Amino acid sequence: MRQWGLVAGAAATALVAAGAISFAVAGDEGSDETPSAGSADAGFARDMAVHHQQAVEMSYIVRDRTDDEEVRRLAYDIAQTQANQRGMMLGWLDLWELPKVTAEPPMTWMGMGDAASGEDGALMPGMATDAEMKRLGTLNGKRAEVFYLQLMTDHHRGGVHMARGCVRVCEVAVEKRLARGMVEAQESEIELMAGMLRERGAAPRS
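Described in the following lines is the structure provided in the data block. (Residues numbered from 1 in each chain as written. Predicted model: local features only at pLDDT ≥ 70, side-chain atom pairs only at ≥ 80, totals over all residues. Heavy atoms only, no water.)

## A few points about the nonpolar core
Note that soluble globular proteins tend to have their nonpolar side chains buried in a common cluster.
Alright, step 1. With 31 residues, the main nonpolar core has Phe44, Met89, Trp92, Leu93, Trp109, Met162 and Met182 as its most contacted residues.
Alright, step 2. Among the secondary structure elements, those contributing two or more residues to this core are helix H2 (40–63), helix H3 (69–95), helix H5 (141–169) and helix H6 (173–199).
Alright, step 3. Membership of the second largest hydrophobic core comes to 22 residues, among which are Val62, Leu74, Leu151 and Met193. (Core = buried A, V, L, I, M, F, W, Y, C linked by side-chain atoms within 4.5 Å. Buried < 20%, exposed > 50% of the residue type's maximum accessible area, 1.4 Å probe, protein only. Helix = DSSP H or I, 4+ residues; strand = E, 2+ residues; numbered from the N terminus.)

## Some words on the state of the cysteines
Alright, step 1. Using the criterion set out here, one finds 1 disulfide in the structure.
Alright, step 2. Here Cys166 engages in a disulfide with Cys170; their sulfurs sit 2.3 Å apart. The sign of the S-S torsion, about -120°, decides the handedness of the disulfide formed by Cys166 and Cys170: left-handed. (Disulfide = S-S within 2.5 Å.)

## Quick notes on the pattern of salt bridges
Alright, step 1. If you walk through the whole model with that rule in mind, you get 10 salt bridges.
Alright, step 2. With a shortest N-O distance of 2.8 Å, Arg205 and Asp154 are connected by a salt bridge. Here Asp154 lies in helix H5 and Arg205 lies in the segment after H6, a separation of 51 residues in the sequence.
Alright, step 3. The class for Arg205 is partly exposed, based on a relative accessible area of 39%.
Alright, step 4. Judged by its relative accessible area of 13%, Asp154 falls in the buried class.
Alright, step 5. A network of salt bridges, in which partner residues are shared, links Asp68, Glu70, Glu145, Glu199 and Arg200. (Salt bridge = Lys/Arg side-chain N within 4 Å of Asp/Glu carboxyl O.)

Below, the structure written as structure tokens:
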């Protein structure tokens, strides 16, 4: 329970660090100028909004496939946190009057536009394929728990990679703070999920 409390606290910290959308183009550690459509700030907001949406979907699927309170609590926390953050990022794009979609491949803002194959729905690092999402919806009990924890571990690893990229190259202060909070919270959850998998006689996929 103590470990869960630490993770929940990290997630809450990430949300508090994000601040209000009204301060999205100002801050003490970044630019106060509205970013361009091709900027890293806009690219991260667009890509991470898509990345987060799949995590929300995955989490609601597993809540219907298991009665295990620990997994259901984790899934609920991930769904609520990432839905909130997704709303922030889409709100920033609206505030900046920038498009939410682009013809550029995902990860272009990180110089990795050719790295994400998009194969079977896996548009960015860590994302589950359409087949994996469908399979999750067919499993029940412990099998659903293990597969969810494995998928979400991969998902978080990809998310951490993207968030670290934003910390390096984004310029809007509040967005950089949100990205740092994502790294901290998701790394804590990766550690938590490794323990949950061990309790179930399983391990991360890689």
